[in-house]
Amino acid sequence: MHIKFSSMSIAENIQNINAEIPEHVTLVAVSKTKPISDITEAYEGGQRVFGENKIQEMASKFEELPKDIQWHMIGHVQTNKIKYMAPFVSLVHGVDREKVLKELNKQAVKNERIIDCLLQVHIAKEDTKFGFDEDELIELTERLDSYSNIKVVGLMGMATNTNDKTQIKQEFEGLHTAFQALRKKLGEDFDTISMGMSGDYHLAIEVGSNMIRVGSSIFGARNYA
Ligand SMILES: *Cc1c(COP(=O)(O)O)cnc(C)c1O
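Quick look at the structure, then. (Residues numbered from 1 in each chain as written. Predicted model: local features only at pLDDT ≥ 70, side-chain atom pairs only at ≥ 80, totals over all residues. Heavy atoms only, no water.)

**What about the overall build of the protein chain?**
- A tally of helices and strands in the protein chain yields nine helices and eight strands.
- Taken over the C-alpha trace, the protein chain has a radius of gyration of 17 Å; the compact-globule value for 225 residues is 17 Å, and the two agree within 12%.
- Taken along its principal axes, the extent of the C-alpha atoms in the protein chain is 50 × 40 × 35 Å.
- Among the 225 residues that make up the protein chain, the fraction classed as buried is 51%.
- In the protein chain, once contacts between residues fewer than 6 apart in sequence are set aside, the share between residues at least 24 apart is 59%.
- On the protein chain, roughly 11,100 Å² of surface is accessible, and the fraction owed to carbon and sulfur atoms is 47%.
- If you average the places of the 26 positive and of the 33 negative side-chain charges in the protein chain, the two averages end up 4 Å apart. (Helix = DSSP H or I, 4+ residues; strand = E, 2+ residues; numbered from the N terminus. Rg over C-alpha atoms; globule rule 2.2 N^0.38 Å. Buried < 20%, exposed > 50% of the residue type's maximum accessible area, 1.4 Å probe, protein only. Contact = heavy atoms within 4.5 Å. Areas by Shrake-Rupley, 256 points an atom, 1.4 Å probe, with all protein chains shown as cover. Lys, Arg positive; Asp, Glu negative; His and termini not counted. Charge placed at Lys NZ, Arg CZ, Asp CG, Glu CD.)

Right, here's the structure in full:
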């Protein structure tokens, strides 16, 4: 479905993607399940932003790798593990319930940091995906001031896993509309819209994404043993 750069190196795949996306779009290299050696190769090719979906895997990679890497937590967050990422995580994409926000704030206070995060919006027509619906989102943004050490900088969403481009586009457009409405309310620092993966990032950028999360088009298919 999407272009595979299988015969090319990880660094070349990153170069190719960066060459085709606009400058204002941040590429998050999704390295979940991939070994340190693959991340090092990407790092040596200039990549500094990496995404993981398991907190402990991200924490152990953080320990081993250069400290100028920005680690993004892109997966469903288990609240009892937040403490392991609170000292270093650079952006949490998957804030999908208020309990996560509460615990994230508590751990941010402990670490004397402000933690940036994105609210995950449920845009897919699949029950298996996580996120707030629009009413919950609006209601929640009324209360953000009570989280002293959290900065909500935008929204994140995942489209339905389908080949129907019209449907994916509609879902992305819904997220973009919600993003613009909230930006009016929350101000200019609310500036990040994380949407688009290997199979749909071109479409996502067309619809206004400025952060894409790309795994398999960089590192190859994942092997879940
Ligand atoms: C795994 C994952 C990605 C990357 O998926 P690819 O199709 O390999 O690019 C993006 N976003 C989230 C939330 C993921 O879990």
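**What about helix α2 (residues 36–44)?**
- Taken as a whole, α2 has its buried residues at D38, I39, A42 and Y43. Summarising the axial view, the buried residues of α2 lie within an arc of 140°, below the 170-degree limit, and thus occupy one face.
- Looking at the buried residues of α2, the elements they touch are α1 (10–20), β2 (49–52), α3 (55–64), β3 (70–73) and α9 (216–219).
- Trailing α2 by a residue or two, G46 shows a phi angle of about 105°, which is positive. (Arc of directions from axis to C-beta.)

**Remarks on the site of the ligand**
- In the region of the ligand, the neighbouring residues are V30, K32, I74, M156, M158, M197, S198, R213, V214, G215, S216 and R222.
- Here an oxygen atom of the ligand and a backbone polar atom of S216 are 2.8 Å apart.
- When the free accessible area of the ligand is taken as 390 Å², the share hidden by the protein chains comes to 90%.
- In a pocket analysis with a 2 Å cut-off to the grid points, the ligand is assigned to the largest pocket. (Near = heavy atom within 4 Å. Polar contact = N/O pair within 3.5 Å; in protein donor to acceptor, adjacent residues only side chain to side chain. 1 Å grid on protein atoms, 1.4 Å probe; cavity = no way out; pocket = protein on both sides within 12 Å on 5 of 7 lines; lining within 4 Å. Sits in = over half its atoms within 2 Å of the grid points.)

**Focus on the pattern of salt bridges**
- Under the defined criterion, the tally for this structure stands at 10 salt bridges.
- One salt bridge connects E52 with K61, and the closest N-O pair in it is separated by 2.9 Å. In this pair, the class of E52 matches that of K61, namely buried.
- The closest approach of N and O atoms between E103 and K106, which form a salt bridge, is 3.8 Å. (Salt bridge = Lys/Arg side-chain N within 4 Å of Asp/Glu carboxyl O.)

**Points about the packing of aromatic side chains**
- Across all of its chains, the model carries three aromatic pairs by this definition.
- Relative to F190, the ring of F179 lies with its centre 5.5 Å away and its plane at 25°, an arrangement referred to as stacked. In this pair, F179 sits in helix α7 (residues 165–186) while F190 sits in the loop between α7 and β7 (192–194), placing the two residues 11 residues apart along the sequence. Here F179 and F190 have matching classes, each one buried.
- Residue placement shows R48 over the ring face of Y43; its charged tip is 3.6 Å from the ring centre.
- It is K67 that lies over the ring of F62; its NZ or CZ is 4.7 Å from the centre. (Phe/Tyr/Trp six-rings, centres within 6.5 Å; stacked < 30°, edge-to-face > 60°. Lys NZ or Arg CZ within 6 Å of the ring centre and 35° of its normal.)

**A short note on the pairing of β2**
- Burial along β2 is two-sided: the face carrying V49 and G51 and the face carrying F50 and E52 are both buried.
- Taken together, strand β1 (residues 26–30), α2 and β2 constitute a β-α-β crossover, and its handedness is right-handed.
- Sheet topology places β2 next to β3; four bridges connect them, and they run parallel. Each residue of the ladder has a partner; that of V49, found in β3, is Q70.
- Read as a crossover between parallel neighbours, the route from β2 over α3 to β3 is right-handed. (Right-handed = clockwise from strand over helix to strand, strands pointing away. Pairing = 2+ DSSP bridges.)

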